[in-house]
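Descriptive analysis of the structure
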Amino acid sequence: MAEQVIEIDVKKLFESGAYFGHRTSRWNPKMNKYIHSKRKGIHIIDLEKTADCLKLALDYIYDISSQGKQILLVGTKPQSREIIQEVAQKTGMPYISKRWLGGTLTNWNTISLQIKKSKELESNMLAGVYNDKFNKLEIQRIQEKIERLNDIYSGIKNMNNIPSAVFVVDAVIDHICISEANKLNIPIVAIVDSNADPTKISYPIPANDDSTKTIRLILEYLEKTIIAAKSKVTKD
């Protein structure tokens, strides 16, 4: 199990500021069971419950990663973009770090065709297929199109099918992703701040989703779990 590989350090969660929720006026009452107290108009998240929920989430991540399944990592807010890309690249998982494109999950057939088209254009460009067919201006326009498509689909170019699960940094900002995953019954692991609805998440992790330190810490746990699971598959 994942808890035998990754040990959750509540002190590190505290030091990262994971306990800070939003102002009490902005809370979602469904988060009540994860709230420890109120301090100066701000909800304080119970870090013991954060640690317990994180363990459950990592157990699940470990199980599906050890089966060779893909997890789509989603973090479109500025604080998480670079971290999401780093973890995705280290773990070999697909990711979306800029803008969630509506229909990425629910309209996957169309999205996958666009990705295929992007790969074909890029392959033909590298092979020089267009050199004898088009003038310089036309080739430049094709290159610009390739760059636009890469900007949109770069993180999911190697996602061959709908993922087995999604990991979301901010359940409020990326609510469309969560909605699409729920429609398709795709399990969701997500950081849920005091303003989020945890009932829409399969494995909620109550924590501050605005702190770069907290996001990085939780994603480090995620990264280590996936790598440990993949290492086990390799050894077996």
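Residues numbered from 1 in each chain as written. Predicted model: local features only at pLDDT ≥ 70, side-chain atom pairs only at ≥ 80, totals over all residues. Heavy atoms only, no water.

1. Regarding the overall build of the protein chain
To keep things clear, this is the line we draw: Helix numbering and strand numbering both begin at the N terminus, where a helix is a DSSP run of H or I of at least 4 residues and a strand a DSSP run of E of at least 2. Each residue is assigned to one of three classes by its accessible area relative to the maximum for its type, calculated with a 1.4 Å probe on protein chains only: buried under 20%, partly exposed between the two thresholds, exposed over 50%. Contacts are assigned to residue pairs with any non-hydrogen atoms lying within 4.5 Å of each other. Within this scheme the basic residues Lys and Arg register as positive and the acidic residues Asp and Glu register as negative, but His and the chain ends are omitted. Where a charge lies is defined by one atom per residue type, namely NZ (Lys), CZ (Arg), CG (Asp) and CD (Glu).
Helix and strand content of the protein chain: seven helices and eight strands. Expressed as lengths along the three principal axes of its C-alpha atoms, the size of the protein chain is roughly 70 × 45 × 30 Å. With 236 residues in all, the protein chain has 49% of them scored as buried. At a minimum sequence separation of 6, the contacts of the protein chain that also span at least 24 residues come to 64%. Both charge centroids of the protein chain, one from 34 positive and one from 28 negative side chains, sit 3 Å from each other.

2. A closer look at the layout of surface pockets
Heads up, the rule is: Cavity means a closed set of points on a 1 Å grid over the protein atoms alone, one where a 1.4 Å probe fits but cannot get out, pocket means an open set with protein on both sides within 12 Å along at least 5 of 7 lines, and lining means a residue has an atom within 4 Å of a point. Grid points are joined across faces, edges and corners, and a volume is the space filled by probe spheres set on the points.
By volume, the largest pocket is sized at about 210 Å³. What lines the largest pocket is simply Gln 85, Tyr 95, Ile 96, Ser 97, Lys 98, Arg 99, Leu 101, Asp 151, Ile 152, Ser 154 and Gly 155. For the lining of the largest pocket, the secondary-structure elements that each account for two or more residues are β5 (95-96) and α5 (136-153).

3. Quick word on helix α6 (residues 175-183)
Quick reminder of the rule: To be clear, the arc concerns the directions from the helix axis to the C-beta atoms.
By the burial criterion, the buried members of α6 are Cys 177, Ile 178, Glu 180 and Ala 181. Projected onto a plane normal to the axis of α6, the buried residues spread over an arc of 165 degrees and lie on a single side. At the C-terminal side of α6, Asn 185 shows a positive phi close to 60 degrees.

Bear in mind that shape data such as this cannot, by itself, settle questions of function.
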